[in-house]
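# Remarks on the overall topology
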Amino acid sequence: MASEAAAQAVAMAQSATGAPPATLAQVQTPPPPGRGVEALTLSDWLAISIRVAAPLVVVILLLADIVRPGSFQRKGLRDVKAYAWPVWLFGAFVVISAQIFGAQVFAQIPDLWEKAASNQVPVQSLPRSEIREEALTQLGAVLFGVFAGGVMVFLLNRREHDEGMRFGPQDIPIGIVAFLLAFPLVSAAAELSVQVYESSSGEVVEQVAHPTLRLIQDHAGDPWAWVLIGCAVIGVAIIEELIYRAFIQTGLLRLFGSAWTAIILTAVIFGLVHRIGDTVPWHQIPTLMVLGLAIGIAYERFKGVGVPITMHAAFNALQIALTLWVISPEPAPQPASEAQAGGPPPATQPQPPAPAPARGP
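Residues numbered from 1 in each chain as written. Predicted model: local features only at pLDDT ≥ 70, side-chain atom pairs only at ≥ 80, totals over all residues. Heavy atoms only, no water.

## Overview of the overall build of the chain
Helix and strand counts for the chain stand at 14 helices and 0 strands. Element order for the chain, N to C, with α for helix and β for strand: α-α-α-α-α-α-α-α-α-α-α-α-α-α. Each of the 361 residues in the chain was classed as buried or not, and the buried ones make up 45%. Of the contacts formed within the chain by residues at least 6 apart in sequence, a portion of 79% connects residues at least 24 apart. (Helix = DSSP H or I, 4+ residues; strand = E, 2+ residues; numbered from the N terminus. Buried < 20%, exposed > 50% of the residue type's maximum accessible area, 1.4 Å probe, protein only. Contact = heavy atoms within 4.5 Å.)

Encoded structure:
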């Protein structure tokens, strides 16, 4: 079990456990034609709002000179000349390596606990728990990854330069506003990619396709689910933005000298890496790339690593909120005796005794 958990930990750390955008598309089902306004649901109104907001956001970004040609040069590029581009990429390598190591270490905890219990150490043996083991694995990846990322940011942050390594309190409200602007575009990309996939493959996408989201949904009442939520919302947002924006995008900016080249290449890498270990389906990759573009643009525009971290945390939090409170989990199958409609069966037909309810270990 330890080796399997460690292998899963490596795949998790390498694929960057950000929640995928499939959930957004699921709440954007277009309303059937001919329905009255009074019959529209919350999902219908959300779909309409996104379709209206997405082109308006593009107009706002153009008028504000955020995505127009030459906008980054006019605002000034980040000063990343303090180090050569391999040094910045080495920062990403250090964080990824720390993630993998931390995930492997924490994946051993359940087995070490059971070994201690079997050796008459005064600890109680615990039953296996999928949600606990996954939460421990991701907690290890987050703790080690955040620590390594913080060390690298401290070492690479030269005060006389404006590399974008700072994190100020003003980054949080800026990041929230930037996320609200990006949300319609990311949602529209999610809806479009799902529609293209379903029309081309003839398959219907799952409402919750990401394994971490499914695990949280299936164990919503378990306290370990909150550990997993905290790792996904805060820890993953910090680690991924340090890896992709603070180090990879900065290294590419140093290499090519073009903000757009760095943003686009980083967004492509960001999307494709989530396919490692089949973490997310292919139809979600374009949406992740759009999210990466939005976060990368905000990073170059505001030059503070706190902005992309806030945007990513808000995105992951929204995915989990939609999973838990908008997309209802499928009800568990009921015994035949409980599923029959119309009350108990006729008295003339003898029924077998109801089976005893299953009990946990």
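Next comes the rest of the account.
## Considering helix α5 (residues 85–107)
For α5, with 23 residues, the first-to-last C-alpha span of 34 Å sits near the 33 Å given by 1.5 Å per residue. For α5, the set of buried residues is W88, G91, A92, V95, A98, Q99, I100, G102, A103, F106 and A107. (Expected span 1.5 Å × (residues − 1).)

## Focus on the pattern of salt bridges
Summed over the entire model, instances satisfying the criterion amount to 8 salt bridges. Notably, a salt bridge pairs R51 with E191, separated by 2.4 Å at the nearest N-O pair. Of this pair, R51 sits in helix α3 (residues 42–63) while E191 sits in helix α8 (residues 171–201), placing them 140 residues apart in sequence. For the salt bridge of D111 with R128, the shortest nitrogen-to-oxygen distance reads 2.4 Å. (Salt bridge = Lys/Arg side-chain N within 4 Å of Asp/Glu carboxyl O.)

## So, the packing of aromatic side chains
All chains considered together, the criterion is met by 7 aromatic pairs. Ring plane angle 65° and centroid distance 5.3 Å describe the contact between F72 and W260, whose orientation is recorded as edge-to-face. Taken as a pair, F72 in helix α4 (residues 71–75) and W260 in helix α11 (residues 259–273) lie far apart in primary sequence, 188 residues in all. Sitting over the face of the ring of F270, R245 holds its NZ or CZ atom 4.9 Å from the ring centroid. (Phe/Tyr/Trp six-rings, centres within 6.5 Å; stacked < 30°, edge-to-face > 60°. Lys NZ or Arg CZ within 6 Å of the ring centre and 35° of its normal.)

## Remarks on the environment of A259
Among the secondary structure elements, A259 is positioned in helix α11. Through-space distance from the C-alpha of A259 to that of E300 is 7.2 Å; in sequence the pair is 41 residues apart. The residues contacting A259, other than those within four sequence positions of it, are F72, L77, L253 and E300.

## Looking at the packing of helix α7 (residues 130–156) against helix α10 (residues 223–256)
One can describe the packing of α7 onto α10 by two numbers: an axis separation of 8 Å at closest approach and a directional angle of 30°. By the angle class used here, α7 and α10 are roughly parallel. Between α7 and α10 the crossing geometry is left-handed. Of the residues contributing to the contact of α7 with α10, the split by class is 20 nonpolar, 5 polar and 2 charged. (Axes fitted to C-alpha atoms, helices over the stretch in contact; angles between N-to-C directions. Parallel < 35°, antiparallel > 145°, perpendicular 65-115°, else oblique. Left-handed = near helix turned anticlockwise from the far one by under 90°. Nonpolar A, V, L, I, M, F, W, Y, C, P; charged D, E, K, R; others polar.)

## What to know about the nonpolar core
Within the largest apolar cluster, 49 residues are counted, with the highest numbers of intra-cluster contacts made by W88, M165, I243, A246, F247 and M311. When residues of this core are traced back to their parent elements, those giving at least two are α3, α5, α7, α8, α10, α11, α12 (285–302) and α13 (306–326). Ranked by residues supplied to this core, first place goes to α10 with 10 residues. When sequence neighbours within four positions are dropped, the list of residues in contact with M311 reads G175, A178, F179, A182, A294, I295 and A298. (Core = buried A, V, L, I, M, F, W, Y, C linked by side-chain atoms within 4.5 Å.)

## Looking at α12
The terminal C-alpha atoms of α12, which comprises 18 residues, lie 26 Å apart, in line with the 26 Å expected from a rise of 1.5 Å per residue. Of the positions making up α12, those classed as buried are I285, T287, L288, L291, G292, A294, I295, G296, I297, A298, Y299 and E300. On its buried face, α12 sits against α4, α8, α10, α11 and α13. Phi turns positive, to about 55°, at K303, one or two residues after α12.

## Let's talk about unusual backbone geometry
Backbone geometry at D65 places phi at a positive 60°, although glycine is not the residue there. Within the secondary structure, D65 is located in the loop between α3 and α4. Accessibility expressed as a relative area gives 12% for D65, which makes it buried. Non-glycine residue K303 carries a positive phi angle of around 55°. Here K303 shows up in the loop between α12 and α13.

## As for a nonpolar patch on the surface
Taken together, W85, L255, F256 and L265 make up a surface patch of nonpolar side chains, about 370 Å² in accessible area. Position of F256 among the secondary structure elements: in helix α10. (Patch = residues over 30% accessible without salt bridge, like charges linked within 9 Å, V, L, I, M, F, W, Y side chains within 5 Å. Areas by Shrake-Rupley, 256 points an atom, 1.4 Å probe, with all protein chains shown as cover.)

## Considering the packing of α5 against α10
The interhelical angle for the contact between α5 and α10, taken along N-to-C directions, is 160°, at an axis separation of 7 Å. Considered as vectors, α5 and α10 are oriented roughly antiparallel to each other. α10 is crossed by α5, and the crossing has left-handed handedness. Touching W85, W88, L89, G91, A92, V95, I96 and Q99 of α5 are I239, I243, A246, F247, I248, T250, G251, R254 and L255, all from α10. Across the contact of α5 with α10, the residue classes tally to 12 nonpolar, 4 polar and 1 charged.

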